[in-house]
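Inside the fold
The primary structure of each chain is shown beneath.
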Number of protein chains: 4
Amino acid sequence: MNIHSMNERSFSHCGLFTKPSIKGAVYYTLKGEKGEMDQGNAKYNRILDAAIKVFAEQGFYQATISQVAKEAGVADGTIYLYFKNKSDILSNFLSYKTRMVFDRFRQAVDNADNAEEKLKSLIGVHLADFQKDRDMAVVFQREALLARCIDEEDLRKIIKMYTDILEDILRQGQKEGTIRGDMHIGLAKRFILGAVNEIINTWVVTGKVAGGGELADMAGPLVDLYFKGIGKE
Amino acid sequence: MNIHSMNERSFSHCGLFTKPSIKGAVYYTLKGEKGEMDQGNAKYNRILDAAIKVFAEQGFYQATISQVAKEAGVADGTIYLYFKNKSDILSNFLSYKTRMVFDRFRQAVDNADNAEEKLKSLIGVHLADFQKDRDMAVVFQREALLARCIDEEDLRKIIKMYTDILEDILRQGQKEGTIRGDMHIGLAKRFILGAVNEIINTWVVTGKVAGGGELADMAGPLVDLYFKGIGKE
Amino acid sequence: MNIHSMNERSFSHCGLFTKPSIKGAVYYTLKGEKGEMDQGNAKYNRILDAAIKVFAEQGFYQATISQVAKEAGVADGTIYLYFKNKSDILSNFLSYKTRMVFDRFRQAVDNADNAEEKLKSLIGVHLADFQKDRDMAVVFQREALLARCIDEEDLRKIIKMYTDILEDILRQGQKEGTIRGDMHIGLAKRFILGAVNEIINTWVVTGKVAGGGELADMAGPLVDLYFKGIGKE
Amino acid sequence: MNIHSMNERSFSHCGLFTKPSIKGAVYYTLKGEKGEMDQGNAKYNRILDAAIKVFAEQGFYQATISQVAKEAGVADGTIYLYFKNKSDILSNFLSYKTRMVFDRFRQAVDNADNAEEKLKSLIGVHLADFQKDRDMAVVFQREALLARCIDEEDLRKIIKMYTDILEDILRQGQKEGTIRGDMHIGLAKRFILGAVNEIINTWVVTGKVAGGGELADMAGPLVDLYFKGIGKE
DNA sequence: CATGAATGAGAATTCATTCAT
DNA sequence: AATGAATGAATTCTCATTCAT
């Protein structure tokens, strides 16, 4: 018997956002936080961490289960006690990480007052969280796209989640009178998300941040650009 | 002897933009234009076209040489007369396509007068060209990133090429007085490129354009957003 | 220490019919009959029953220890307290079952008077017993042959046991004057056994009995055929 | 590209007897008979022969593709150019062999006049053919039963093919007045087939023929038993 | 140049068996 | 005795690449 039931709610099987909790994800969240976390969870997390590290370094398709197992310090076969197959590792990671990341995004937005502050807060958390965990960032930005093992539908949902948050902010700003009413919201959403992704991608590829500071420091100037544009009044 | 010398200057071996001409690329450019083009070149192009189609459909790693050969109507072994290996096909494509695309981009920019027109022209051609050839767009946006067979250095160069064009435009705009002088140019470049990529990606994944029209139609509204931002004056 | 000494006398190691008693078999025989039977024996039997069920359904090689354990309601490891390995389960079953079946066969033969009655009784019990326990029948007819884990020598012995019984009957019939003296006894034995096996196999595969009744009902008509043949007078 | 289209009509995919010809089987038939047989066919046959030899020795599940490849003198991968997978080898063999064997059986029956002669001829060919190729006999008698990779439906069809031939003979005999009209034909068919199988199985397991001669020599005495039975008139 | 059959290294995955608890 | 997580050997199958024709 294996622990698969625990991960049952993987991307490819149950839809990404339909079930409320992944045990694995929960355990993962608890990483390092609870002394009473048992071995099984620890191992699930160890494998997940190792896999993301290896995927980030090698790319999903280049990475082998053996490499992941070695990195995690377990036998090859052990991986299959926790994950259905190689794709399932990535699925579980994306599923869990998406959930976690969006929880933080929502929080960041909820804790700010007006549209501009909300946007600044959202972008700030986005950049900070991704900078904090480069492996995650690499896998999220690069592998998620290509991984044909991930349902395109799920991919769309992840993006939609983000653009939905943005849409809320934009509409609020329009009500507040701080954001133009005469623009294409669908375009504006992509416009905002695109810049953030581009900045993260540049950092992922070059290791550098435009301007030389922290990734999160770009949130202010970026939101400034979003609002004022590049044009001279 | 095979034709490899011809492709020697592939991405992964000699750097993308260091040597002035790729015979293959040249042949490719000439596709359908010159009656005196010999069989070999035609076959080179057939394989390249077939490969991009298959890569776009299956993903680079899922695609097999056999599929490409079948699509191209040649034997598996024939591919190796024109390309060193599987990665080399993608490398050659990116190398050639980058060159071609940037030629068109430069032209688009050169044919316009002021910064705003240049930007509009650049984005317009970018969107139009990618929409015209979805397979190319898919491979460019998705596979290029993940394909570890492409040198990261080369990837950086491609992006730099684009942002260099943008930088020129931005500086010209600043001189013209149409673009703010008090902004971070490095950030602005990513800000511009990011939106274009995001719009293309959305189209690639969903098949839809925000707004419902043609991809190229977004150039105007997008540049408008770039200049004015989302803020209410 | 484990209980292995108990099963030491498995098919593959000590020969099937050389030692007088298998503890496991004895326990098995006692299944449900003795209140003082301890837990260990009950578990031994539970595993054996479960294994035969799973082997019958999946085939010996397709069946996994985990499936057997689950069916038996014990942990995977527990199986190895009672059986040396997977083959040993089958060996023990065949060993026990052969013994049990032949006890009943001998009894059936002993309780009848003349050769024809003996034969009818033997065939009747054979068919009835196999019909009563389809899993056993499947394993006996199908898996026993293919399972290379069973010593061919043992296989020969089982068959010989049966044909020895038949030989006794045939010789008695010849003495009694009811059975021809001018025939090849070795051939006649196979002739008799073959028909029974074929009828059981047909039932195992199709689930049907030629004629549509109970398997055991075929004993009479079959023995009639044995004696009279298919020829007209 | 591989040669699979050639074997398309495998047991498990298209039903056993629905399509008229297996190229592979045809080639196989021609083994050693036609000088112009090309390499591909020769290899297909080499692999098939090797596989049957290995399956007969090791059993289907114990046998590995590597063993088959080694026996055939080809690389492991080559096997997959000719067969979809391990089961497909067995399927193709059984499919081909069944066809061939039944052609010979039909011929044997057609060339004889009355029921008794037909039966004698059928049994004679059956025994002779199986004795001629022990590996085939082993695989046919033992592995075919157990191989869960073979559709049970197909198994039934093979058996039915044989019993259909027998039924024709029995009915003809009844018309001719040489065979009893008062017997259960379904039972009689199994009765006949069972004896043949038992004799072959005994020979497969012990290497011996009851009586000590050739397997085919048993046809006469056996048919004599069928007709006259074991009873003293 | 072109072919495509053959190769064999390499990867994912399974599962009998062990052993620390 | 019982457990079941962990192991890792073993196996199937894939596919980029080669090379004789």
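Our subject is the structure listed above.
As a starting point, this report considers the structure included with it.

Conventions we followed
- Residues numbered from 1 in each chain as written.
- Chains lettered and ligands numbered in written order.
- Predicted model: local features only at pLDDT ≥ 70, side-chain atom pairs only at ≥ 80, totals over all residues.
- Heavy atoms only, no water.
- Helix = DSSP H or I, 4+ residues; strand = E, 2+ residues; numbered from the N terminus.
- Buried < 20%, exposed > 50% of the residue type's maximum accessible area, 1.4 Å probe, protein only.
- Contact = heavy atoms within 4.5 Å.
- Areas by Shrake-Rupley, 256 points an atom, 1.4 Å probe, with all protein chains shown as cover.
- Near = heavy atom within 4 Å.
- Polar contact = N/O pair within 3.5 Å; in protein donor to acceptor, adjacent residues only side chain to side chain.
- Nonpolar A, V, L, I, M, F, W, Y, C, P; charged D, E, K, R; others polar.
- Least-squares fit on C-alpha atoms with pLDDT ≥ 70 in both.
- Expected span 1.5 Å × (residues − 1).
- Axes fitted to C-alpha atoms, helices over the stretch in contact; angles between N-to-C directions.
- Parallel < 35°, antiparallel > 145°, perpendicular 65-115°, else oblique.
- Left-handed = near helix turned anticlockwise from the far one by under 90°.

What follows is about the overall build of chain A. The secondary structure content of chain A amounts to twelve helices and zero strands. Going from N to C terminus, chain A has its helices and strands arranged as α-α-α-α-α-α-α-α-α-α-α-α. Going through the 233 residues of chain A one by one, you find that 54% of them count as buried. Sequence-distant contacts, at least 24 apart, represent 68% of the contacts inside chain A between residues at least 6 apart. When the accessible surface of chain A is split by element, carbon and sulfur atoms take 49% of a total near 9,700 Å².

Further remarks concern the protein's contact with DNA strand E. The local shell around DNA strand E holds 31 residues, among which T78 of chain B, I65 of chain C together with K43, T78 and Y82 of chain D are the closest. The sugar and phosphate moieties of DNA strand E supply 69% of its atoms located within 4 Å of the protein. The backbone of G77 of chain D places a nitrogen or oxygen atom 3.4 Å from a base nitrogen of DNA strand E. Elements supplying a minimum of two residues to the surface near DNA strand E: α6 (76-82) of chain A, α6 (76-82) of chain B, α5 (76-82) of chain C together with α5 (76-82) of chain D. Per-element accounting of the surface near DNA strand E gives the leading share, five residues, to α6 of chain B. Its residues assigned to classes, the surface near DNA strand E comprises 16 nonpolar, ten polar and five charged.

Structural alignment of chain B on chain A gives an RMSD of 0.2 Å, achieved by rotating through 179° and translating 0.0 Å along the axis. On the angle and the small slide along the axis, the relation comes out as a two-fold axis. Identified as the residue of chain B closest to the rotation axis by C-alpha distance is G229 of chain B, at 1.7 Å. Both copies share a contact surface, since 100% of the interface residues of chain B are interface residues in chain A too.

For helix α7 (residues 115-132) of chain C, spanning 18 residues, the distance from its first C-alpha to its last is 25 Å, which sits close to the expected 26 Å at 1.5 Å a residue. Where α7 of chain C begins, the capping side chain belongs to N114 of chain C, and its oxygen is found 3.1 Å from the backbone nitrogen of E116 of chain C.

By nearness alone, 31 residues border DNA strand F, and K43, T78 and Y82 of chain A together with T78 and Y82 of chain C come closest of all. A share of 68% of the atoms of DNA strand F within 4 Å of the protein falls on sugar and phosphate groups. Between A63 of chain B and DNA strand F, the recorded distance is 3.4 Å, taken from a backbone N or O atom to a phosphate oxygen. With respect to DNA strand F, the backbone of I65 of chain B contributes an N or O atom lying 2.8 Å from a phosphate oxygen. Of all the secondary structure elements, the ones that give two or more residues to the surface near DNA strand F are α6 of chain A, α6 of chain B, α5 of chain C together with α5 of chain D. The dominant element in the surface near DNA strand F, judged by the number of residues it contributes, is α5 of chain C, at five residues. For the surface near DNA strand F, the per-class residue count stands at 16 nonpolar, ten polar and five charged.

What follows deals with the side chain of R180 of chain B. Within the element layout of this structure, R180 of chain B appears in the loop between α10 (152-176) and α11 (185-206). Exposure remark for R180 of chain B: the relative accessible area of 8% places this residue in the buried category. Within the structure, R180 of chain B has its side chain in polar contact with the side chain of D224 of chain A (distance 3.1 Å). In terms of polar contacts, R180 of chain B uses its side chain to reach the backbone carbonyl oxygen of G229 of chain A, at 2.6 Å. Not counting chain neighbours up to four residues away, the residues in contact with R180 of chain B comprise D224, L225, K228, G229, I230, G231 and K232 of chain A together with Q174 of chain B.

Residues and elements named next belong to chain A. The geometry of helix α7 (residues 86-110) relative to helix α8 (residues 115-132) is characterised by a closest axis approach of 8 Å and an angle of 150° between their N-to-C directions. Classified by the angle their axes make, α7 and α8 are roughly antiparallel. Considering the relative orientation of α7 and α8, their crossing is right-handed. Taking contact as the criterion, the partners of V101, R104, F105, A108, V109 and D110 in α7 are, on α8, K118, S121, L122, V125, H126, D129, F130 and K132.

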